[in-house]
Amino acid sequence: MVIWHAFNSLSFWHRRWVLIFSIMVMMLAAWPSQHQQPRTLTPSEIATAAQPALSGDEPSSAPPRYTTKRVTVRRGDNMGAIFQRMGIASTDLHQIDQLDGSDPLRMLQPGQELTFKFNQQGELHSLYYPHSVEQALKIRRQADAFVARSITLALDTREQVTEGEIRSSFWGAAVAAGMTEDQIMDLAAIFGWDIDFAQDLQPGDRFRVVYQNKFRDDERVASGDILAAEFVNQGVTYRAILHEDDNYYTPEGKAMRKSFLRAPVNFKYISSNFNPRRLHPVTGKIRPHNGIDYVAPVGTPIMAAGSGSVVAAGYNQFNGNYVFIKHAGNYVTKYLHLTKRTVNKGQRVKQGQTIGTLGGTGRVTGAHLHYEFVVGGIHKNPRTLTLPQADTLTGRELANFKRLAAPQLAKLNQPDLQLAQRQESDRRG
Ligand SMILES: [Zn+2]
């Protein structure tokens, strides 16, 4: 600080000369030491710059006149911090920050790798950043400016077939069958119109899945679509095949998607899939009950089972916070004991939209969702009711679907897969 004040008190010309002189001194001082200076090269960097770049798994071939340096993003890192550590000029940082297409650099994740190349003058020549499994950003100096280019990374898509049998939990069986979290959620979503994954699963239920995985150098880097699947729930077989329109259909060409979800709660929030709540949460006695109770943690999102409009949303001492939704075709669904409501009376809601969160408001002893399904004024069991059918493929579309579906169905029909995963799931059970 003292030096700075003294420096500021000098005249303009004095300051300039002092500055030039100090820069020269700093450069000389830096020469034999390992001390890192922003904007100037350290001796070790100068030494390596003169050597040919090591050839590694570099995506582009490296001419020997450039030095390559790889940096792993640390927790709390950002572009500015990394550029400073690399000794890159702040004018370069500014230019790259302003560059069209450089946005991925603002979302660096710990563990990701950036590859820098420097020319013999120690200036940044190029930067390579694979920001997702399928996309990389390449920035290169061209004359006085930088240019950014997005590169699509080649992945090898492989089809796989797996199967599992539920012993203690669907999740565990699916993981043992080699499925990723995303694929497990996808599988539950495909059959979520027919099967209540929160309450209807039983030990002995089975599934078989034909799915894609994306590989690079024999390593799975991403999970792909489920192409076909079979789920046997309580002895009833459901099958679904992905069509070109990105929707799933039964082998007969009927849409899997229906007007109502079987359950207004995602199964992943339900602690046990094999604990049907036959007891009323208040009286503790088994009694006829106009709805289904879902027990899950307070705050679990509650979904509209179907699209419609909110006909009631309020609070009373029995229902606690409640939401009633009216759907086309004289259907009404009711959701009780919510912690909070996120929709208002008169509002339109879409299927799957969050309408509130699970709670323990009203006349209850423990937190749960009380869900009712009313058809023409009469309470029905939504888990066993035949729900209104959505789209069905017809004509040429149906013929096309059946042609494409045939090979997938054959994979579902294979008598026994003899997979290692199956043995795995048996061991777990
Ligand atoms: Zn209830």
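Everything numeric here is computed off the predicted structure, so don't read it as measured data.

**Q** I keep staring at the overall build of the chain and nothing clicks. Help me out?
**A** Looking only at helices and strands, one finds 9 helices and 20 strands in the chain. Excluding contacts between residues fewer than 6 apart, the proportion of contacts in the chain whose partners are at least 24 apart in sequence is 62%. Put simply, the chain shows about 23500 Å² of open surface, and 52% of that area lies on carbon and sulfur atoms.

**Q** Please clarify how the pattern of salt bridges should be interpreted in this entry.
**A** Side chains carrying opposite charge are able to pair once their charged atoms draw close together. For the coordinates displayed, the defined rule picks out 12 salt bridges. A salt bridge links Asp194 to Lys258; the shortest N-O distance between them is 3.0 Å. Linking Asp194 in the loop between helix H7 (181-191) and strand S7 (206-216) with Lys258 in the loop between strand S10 (248-249) and strand S11 (292-294), this pair joins segments that are 64 residues apart in sequence. Residue Lys258 is classed as buried on the basis of its relative accessible area, which comes to 11%. Taken together, the shared-partner salt bridges connect Asp156, Arg158 and Asp218 into one network.

**Q** So what exactly am I meant to see when it comes to the nonpolar core here?
**A** Soluble globular proteins tend to bury their nonpolar side chains together. By size, the foremost hydrophobic cluster in this structure holds 26 residues, and its most contacted members are Tyr294, Ile302, Val323, Ile325, Tyr335, Ile355 and Leu369. Among the secondary structure elements, those contributing two or more residues to this core are S11, strand S14 (320-327), strand S15 (331-338) and strand S19 (369-375). Listed in part, the 24 residues of the second largest apolar core include Phe197, Leu201, Phe207 and Tyr211.

**Q** Just to check I follow, could you spell out the sheet that holds strand S8 (residues 219-233) for this structure?
**A** Two pairing modes exist for strands in a sheet, parallel and antiparallel, and in both the strands are linked by backbone hydrogen bonds. The 5 strands are arranged S6-S7-S8-S9-S10 in an open sheet whose pairing can be described as antiparallel. Of all strands in the sheet, those bounded by a partner on one side alone are strand S6 (156-165) and S10. Across 10 bridges, the pairing between S7 and S8 is antiparallel. What sits directly across from Phe207, in S8, is Phe231. Of the strands in this sheet, S7, S8, strand S9 (236-242) and S10 are in contact with H7, which crosses S8 at around 30°.

**Q** I would appreciate a short explanation of the side chain of Ser102 in the present structure.
**A** Take Ser102: it is sitting in the loop between helix H5 (90-98) and strand S2 (113-118). From its side chain, Ser102 meets the backbone oxygen of Ile96 in a polar contact 2.8 Å long. In terms of polar contacts, Ser102 uses its side chain to reach the backbone carbonyl oxygen of Leu99, at 3.0 Å. Apart from the residues lying within four places of it in its own chain, the contact partners of Ser102 are Ile96, Asp97, Leu137 and Ile139.

Cut-offs and rules
Residues numbered from 1 in each chain as written. Predicted model: local features only at pLDDT ≥ 70, side-chain atom pairs only at ≥ 80, totals over all residues. Heavy atoms only, no water. Helix = DSSP H or I, 4+ residues; strand = E, 2+ residues; numbered from the N terminus. Contact = heavy atoms within 4.5 Å. Areas by Shrake-Rupley, 256 points an atom, 1.4 Å probe, with all protein chains shown as cover. Salt bridge = Lys/Arg side-chain N within 4 Å of Asp/Glu carboxyl O. Buried < 20%, exposed > 50% of the residue type's maximum accessible area, 1.4 Å probe, protein only. Core = buried A, V, L, I, M, F, W, Y, C linked by side-chain atoms within 4.5 Å. Pairing = 2+ DSSP bridges. Axes fitted to C-alpha atoms, helices over the stretch in contact; angles between N-to-C directions. Polar contact = N/O pair within 3.5 Å; in protein donor to acceptor, adjacent residues only side chain to side chain.

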